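# Secondary and tertiary structure notes
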Amino acid sequence: MQKKLVMSSSPHLRSPESIQSIMVDVLVALFPVALMAVFLFGYRALVTMVIAMVVAMATEAIILRKGNFFGDGSAAVTGLLLAMTLPPSPPWWVVAMGSVVAIAIGKHVYGGIGSNIFNPALVGRAVLVVSWGSHIAGNVWLKPVPFGFAADAVTQASPLATYGASLGDLFIGTVSGSLGETSALALIIGAIWLYYRGHIDWRIPGGFIGVVFILGLISGGFEMGLYHVLAGGVLLGALFMATDMVTSPVTQSGKIIFGVGCGVVTMLIRLYGALPEGVTFGILLMNGLTPIIDNLTLPKRFGEVKKSA
Amino acid sequence: MSERSFVGGIHPSYFKQYTAGMPIAPARPPSQVIIPLHQNIGAPCDAVVQVGDEVKVGQKIGEPKGFVSAPIHASVSGKVTKIEPYNHPLGNPVMAVFIENDGQDTPYEGMKPNKPLEELTPEEIRQIAKDTGLVGLGGATFPTHVKLSPPPDISIDTVVINGAECEPFLTADHILMLERAEDIVYGLQAFMKALGATKGIIGIEDNKPDAVGSMQKAVAESSGGYDIEVHALHTKYPQGAEKMLIKATLGREVPPGALPMAVNVVNQNIGTAVAMAEAIKLGRTLYERVVTVTGPGIKEPGNILVRNGTLVKDIIEQCGGMTDDARKLILGGPMMGMAQASDDVPCIKGTSGILILTEEFVTEYPIDPCIKCGKCMEVCPMNLLPNFIGSASEKENMELADKYGAMDCFECGCCTYTCPAKRPLVQWIRIAKGAIAASKRK
């Protein structure tokens, strides 16, 4: 009996990991954050997240002309991340517009997954900030009502406008703010999962958060340093946005430079800029520099002795 | 967990349970052997027998055509029936000597014990290695006597024996360390003496604690005044790659493009050490070796002593045959071994394993775009940029691939194993290496 044998070039083993499994891991990591958002802001948070994800996935399915709605899962991640950067209850069409822009312009204009230069979710958010700013910032921050699934919507100023929230509230998340940014605790739990699964390392978040803390400390002392780290979108940005694989450097030292750059730009905007928050543009700017950072930080080969210049 | 290791690498499933610790069993003598005349890196051999000649077990049938080559010997006694090209594990057909087994196993009278190691000179040890056709049995088949002849301006201080056996599934070296520990130490001593090395190290992955114990015992009992250490190494693929092994055992880094000699080290494989000991003690030529016959697609796996030139299909048949869902035949391990189009191919000196994989291992994955996760760079033991080189090669920009260090890749396959986008990175790098080497020859 002569069997038909499969021919292929080695290696003949493959790891079980795929793009889809990574995206599912990210969704799992975002689960505690999403749960916290619903816990604090009620059904409005859930609606915003669902709109963002469904529109993102639909946009991708239309562009790719594929029947598989979930696909590799990256559109769902982009949609959810976009929702995390939005206030609890913007008009539905603003959320939908953000998702369409994120997927169509942030991602597929460049050639789809892997080819985009800028973090798609942040491209979506940036367009919303510039185009419909009044729905995204200003008098839109709902007062968190724990367990108040259908509580009345009452707005209040964000912690980055007042600099008046307690550090404890900022850590737990019982402050006003974007859906995914209020609870440092939930974000850290999610990030630990991503770290455990090997999808992020310490370099980008370390550089980012470290610089924000140091610059905050210089601007107003130790507590102000912590305040800058915990308030606003720094943790969400540093742990989930800046660590986006496609748009951040691949080299080890490049990741530190990238994280530090994100932190510096964020703090320049916060301290001296016209906007209260600088995370979005801090990361987008560094996204643009990623190819250059990679090229300048190529690693030394095994056994190679760096030539002294 | 051992501290001794290198940076990078992967932790695949090891699948050693099929054959781990199974005693070495000699294969049934084949009725005919087909011995290819090219079984080593370097020059092929010319036949020194003719059709109709009677040959004996261990008799030389192939004479090397160059210095970097090793003679080839008959593995059965009987009559030479044909000398013509035949299938070869590396792909293209190669001239081969067909010997019909007379079943007598008459040993060649030229195989006689040598003087004891204490009385042999380095030159005599090299000559014995050369005459008995020793090559590196890990799979690369570099002629041993060449490794034992460093240029005069290089002094070798350490010989490292590779007992890592980091390829999943394979257990041939493991069982040799359990059954033939004394011969391994003896072979290592011969290598050390031939090279004037003052230190010998046997590196073993720490997933084989019984092998570590066995080797430590053998070293304690019969070190013969030689300075020999047994190192337990972190279990991680490719721990047995020579540069990684030297890094793990000695902390030295072999420069890009250089051989271990550049850092005063020579590596040898476990099987080669046993063969060296047999060559000195018995005058035995290299005509058989231990082959791990394994995988989910073989009915009765085992560590089989196989004569050179035995057809793979004969061995598979003796091991109960392939299962119904067997889909892939690999000679060597699953990370670096070669898939075969047919089982009608002879086992050679470099055949460390016959691995048969089933349906679930042969999934064809669509190739997704690179998502720049950088995991291939993290696992690359050479600290290269597999994603950059792979993409350059994909776009046929071989100059760029060369600039990113394609030629330093030794094709361990960690990048392709790891890539979540299922990009065939090492395969692209292989194409680039071929193209770059061809353009440099011009």
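All residue numbers refer to position in the chain's written sequence, counted from 1. By the order in which they are written, chains take letters starting at A while ligands take numbers starting at 1. With pLDDT at 70 or above as the cut-off, local features in this predicted model cover only qualifying residues; side-chain atom pairs require 80 or more to be listed or tallied, and sums for whole chains, interfaces and linings still use all residues.

Attention now moves to the overall build of chain B. Helix and strand counts for chain B come out as 13 helices and 17 strands. Against the globule reference of 22 Å for 442 residues, chain B gives a C-alpha radius of gyration of 21 Å, in line with a compact fold. Whether a residue is buried, exposed or partly exposed follows from its count of other C-beta atoms within 10 Å of its own C-beta, namely 20 or more, 12 or fewer, or something in between, respectively; the C-beta atoms are built from the backbone. Taken over 442 residues, chain B has a buried fraction of 58%. In chain B, of all internal contacts separated by at least 6 residues, the share reaching a separation of at least 24 is 73%. Secondary structure elements are defined from DSSP: runs of H or I of at least 4 residues count as helices, runs of E of at least 2 residues count as strands, and each element is numbered from the N terminus. C-alpha atoms define the radius of gyration, and 2.2 Å times the number of residues to the power 0.38 defines the globule rule. The contact criterion used here is simple: two residues whose C-beta atoms, placed from the backbone, lie within 7 Å are in contact.

The helix and strand inventory of chain A stands at 14 helices and zero strands. Going from N to C terminus, chain A has its helices and strands arranged as α-α-α-α-α-α-α-α-α-α-α-α-α-α. Radius of gyration (C-alpha) of chain A: 20 Å, near the 19 Å computed for a compact globule of 309 residues. Within chain A, buried positions represent 51% of all 309 residues. A sequence separation of at least 24 residues applies to 70% of the contacts in chain A between residues at least 6 apart.

Looking now at the environment of Gly190(A). Residue and element names in this part refer to chain A. If you trace the backbone, Gly 190 turns up in helix H9 (residues 184-196). For Gly 190, a count of 26 C-beta atoms within 10 Å puts it in the buried group. Leave out the neighbours within four places in its chain, and Gly 190 touches Ala 29, Leu 30, Pro 32 and Val 33.

Turning to the interface of chain A and chain B, a few remarks are in order. Facing the 30 residues of chain A at the interface are 51 residues of chain B. Grouping the constituent residues of the side of chain A that touches chain B by class yields 14 nonpolar, ten polar and six charged. Three classes are used, and their members are as follows: Ala, Val, Leu, Ile, Met, Phe, Trp, Tyr, Cys and Pro are nonpolar, Asp, Glu, Lys and Arg are charged, and the others, Gly among them, are polar.

Before going further, it helps to spend a moment on the pairing of strand E15 (residues 326-331) of chain B. Residue and element names in this part refer to chain B. For E15, the buried fraction is high: five of the six residues fall into the buried class. Bridging between E15 and strand E17 (residues 353-358) involves five bridges; their strand directions are antiparallel. Across the sheet, Leu 331 pairs through a bridge with Ile 354, a residue of E17. For two strands to count as paired, DSSP must find a minimum of two bridges between them. Here E15 runs beside strand E16 (residues 338-340); their pairing, made up of three bridges, is antiparallel. Residue pairing in the sheet places Ile 330 in a bridge with Ala 339 of E16. What sits between the antiparallel neighbours E15 and E16 is a turn of six residues, in which Gly 332 has the positive phi angle 105°.

Okay, helix H13 (residues 252-272) of chain A next. Note: α-helices contain 3.6 residues per turn, so residues at a spacing of three or four share the same orientation. Given a helix with a known number of residues, its expected span is that number minus one, times 1.5 Å. Along its 21 residues, H13(A) runs 31 Å from first to last C-alpha, staying within 8% of the 30 Å computed at 1.5 Å per residue. Summarising burial for H13(A): 15 of the 21 residues are buried, a large majority.

Counting buried positions over the eight residues of helix H3 (residues 172-179) of chain B gives six, a clear majority of the element. Within the span of H3(B), buried status applies to Ala172(B), Asp173(B), His174(B), Ile175(B), Leu176(B) and Met177(B).

Here we take up the nonpolar core. Ranked by size, the top nonpolar core spans 229 residues in total, and within it Ile184(B) and Met215(B) carry the most contacts. Residues contacting Met215(B), with those up to four places away along its chain left out, are Gly163(B), Met177(B), Ala181(B), Ile184(B), Ile202(B), Ile204(B) and Val230(B). To count as a nonpolar core, a set of buried Ala, Val, Leu, Ile, Met, Phe, Trp, Tyr and Cys residues must be joined through C-beta atoms within 7 Å.

Here we take up the domain arrangement of chain B. Residues and elements named next belong to chain B. Either an automatic procedure or a domain database provided the assignment from which the domain bounds are taken. Segmenting chain B into domains produces domain 1 (27-110 + 285-359), domain 2 (112-282) and domain 3 (375-441). Computed over C-alpha atoms only, the centres of domain 1 and domain 2 are separated by 24 Å. Counting from both sides, the interface comprises 30 residues of domain 1 and, opposite them, 24 residues of domain 2. Residue assignment for the side of domain 1 that touches domain 2 shows that the elements contributing at least two residues are strand E6 (72-73), strand E13 (288-294) and E17. Among the elements that line the side of domain 1 that touches domain 2, the one with the most residues is E13, at five residues. In terms of residue class, the side of domain 1 that touches domain 2 is built from 13 nonpolar, 15 polar and two charged.

Glancing now at unusual backbone geometry. Glycine aside, residues mostly have negative phi, and peptide bonds are mostly found in the trans state. The omega torsion of the bond from Ser10(A) to Pro11(A) falls at 0°, within 30 degrees of zero and hence cis. Mapped onto the elements of the fold, Pro11(A) is located in the segment before helix H1 (19-41). Across the junction of Tyr237(B) and Pro238(B), the peptide omega takes the value -5°, indicating a cis bond. With respect to the element layout, Pro238(B) can be found in the loop between strand E11 (227-233) and helix H6 (242-250). One non-glycine residue, Asp105(B), adopts positive backbone phi at about 50°. Tracing the chain through its elements places Asp105(B) in the loop between strand E8 (91-101) and helix H1 (122-131). According to the C-beta neighbour criterion, Asp105(B) is exposed, with 12 such atoms within 10 Å. One non-glycine residue, Lys422(B), lies in the positive phi region at around 55°. Secondary-structure assignment places Lys422(B) in the loop between helix H12 (414-418) and helix H13 (425-441).

Bringing the environment of Cys376(B) into the picture now. Mapped onto the secondary structure, Cys376(B) falls in helix H9 (residues 375-379). The spacing of Cys376(B) and Lys395(B) is 19 residues in sequence and 19 Å in space, taken between C-alpha atoms.

Attention now goes to the pairing of E11(B). In the case of a regular strand, side chains alternate between the two sheet surfaces. Residue and element names in this part refer to chain B. Judged by how many residues are buried, E11 sits mostly within the fold: five of seven residues are covered. When strand E10 (residues 199-205) meets E11, the two strands line up parallel, connected through seven bridges. From the neighbouring strand, Gly 200 faces E11, where its bridge partner is Ile 228. Classification remark: right-handed applies to a crossover when, strands pointing away from the viewer, the course from the first strand over the helix to the second runs clockwise. Viewed along the sheet, the connection from E10 through helix H5 (residues 209-222) into E11 turns out right-handed.

The next subject is the sheet that holds strand E3 (residues 45-47) of chain B. All names here are of chain B. The strand order E3-E5-E6 describes an open sheet built from three strands, whose pairing is antiparallel. Because the sheet does not close on itself, it has two edges, and the strands there are E3 and E6. Sheet analysis places strand E5 (residues 60-64) next to E6, joined by two bridges and oriented antiparallel. Its bridge partner lying in E6, Lys 60 is registered against His 73.

In this section: the confidence of the model for chain B. Should the pLDDT be low somewhere, the predicted coordinates at that spot are not to be read in detail. Averaged over all residues, the pLDDT of chain B is 94; the fraction at 70 or higher stands at 100%. Here the prediction assigns the complex a pTM of 0.92, and the interface score ipTM is 0.90. Each residue gets a pLDDT score, which is the predictor's confidence in that residue and runs from 0 to 100.

Turning our attention to the sheet that holds strand E7 (residues 78-88) of chain B. The strands making up a sheet are joined through hydrogen bonds of the backbone, oriented either antiparallel or parallel. All names here are of chain B. Strand order in the open sheet made by the four strands is E2-E8-E7-E4, with antiparallel pairing throughout. For this open sheet the edge positions go to strand E2 (32-36) and strand E4 (54-55), each flanked by a neighbour on one side alone. With five bridges joining them, E2 and E8 adopt antiparallel strand pairing. The residue bridging Pro 36 from the neighbouring strand is Ala 96, located in E8.

The next point concerns the environment of Gly261(A). Residue and element names in this part refer to chain A. In this fold, Gly 261 is placed in helix H13. Here Gly 261 falls in the buried class, since 21 other C-beta atoms lie within 10 Å of it. Sequence-wise, Gly 261 and Gly 207 are 54 residues apart; in three dimensions their C-alpha atoms are separated by 8.1 Å. Each residue touching Gly 261, except ones within four places of it in the same chain, is listed here: Met 286 and Leu 289.

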